[in-house]
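# Understanding the architecture of this molecule
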Amino acid sequence: LNDIVAVGPEHFYATNDHYFLDSYLRSWEVYLGLAWSYVVYYSPSEVRVVAEGFDFANGINISPDG
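Reading guide: rules and limits
Residues numbered from 1 in each chain as written. Predicted model: local features only at pLDDT ≥ 70, side-chain atom pairs only at ≥ 80, totals over all residues. Heavy atoms only, no water. Helix = DSSP H or I, 4+ residues; strand = E, 2+ residues; numbered from the N terminus. Pairing = 2+ DSSP bridges. Axes fitted to C-alpha atoms, helices over the stretch in contact; angles between N-to-C directions. UniProt positions renumbered as here; feature names shortened; annotations may be inferred. Contact = heavy atoms within 4.5 Å. Buried < 20%, exposed > 50% of the residue type's maximum accessible area, 1.4 Å probe, protein only. Polar contact = N/O pair within 3.5 Å; in protein donor to acceptor, adjacent residues only side chain to side chain.

Tracing the sequence through the fold places Asn61 in the segment after β4 (46-54). Expressed as a C-alpha distance, the spacing of Asn61 and Leu32, which sit 29 residues apart in the sequence, is 28 Å.

So this is what it looks like as structure tokens:
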């Protein structure tokens, strides 16, 4: 998990900047240029991937008007 942006009291988006947890596998992920990171949406009733195919999903934000 890299970054979170809240969009409600129990709802948020989060970025995952690497697919692997293991540092050795992460190094191969970077070396091979695998675009396996993604953005997820969380609510009490669901968790789903909403965007994928990033080299590094390294942060997220929301505009002032939502």
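As a further point, take the sheet that holds strand β2 (residues 11-16). Across a sheet, paired strands are connected by hydrogen bonds in the backbone, their directions being either parallel or antiparallel. Strand order across the open sheet formed by four strands is β1-β2-β3-β4, with antiparallel pairing between neighbours. Each edge of the sheet is formed by a strand with only one pairing partner; in this case those strands are β1 (3-8) and β4. Neighbour-to-neighbour, the strand axes of the sheet open up by a mean angle of 20 degrees, direction not taken into account. Across five bridges, β2 lies against strand β3 (residues 37-43) in antiparallel orientation. Within β3, the position partnered with Ala14 by the bridge is Val40.

Those residues carrying the UniProt feature "binding site: Ca(2+)" (unreviewed entry) are Asn2, Asp3 and Asn58 in this numbering. The greatest C-alpha distance among the residues just named is 7.0 Å, despite their covering 57 residues of sequence, which places them together in space. Locating Asp3 in the fold gives a position in strand β1. Filtering out sequence-adjacent residues up to four positions away, Asp3 remains in contact with Tyr13, Ala14, Thr15, Gly59 and Ile60. Mapped onto the fold, Asn58 is located in the segment after β4. Given the relative accessible area of 55%, Asn58 is considered exposed. If we ignore the near neighbours within four places in the chain, the residues touching Asn58 are Asn2 and Asp17. Polar contacts involving the side chain of Asn58 include one to the side chain of Asn2, which spans 2.9 Å.

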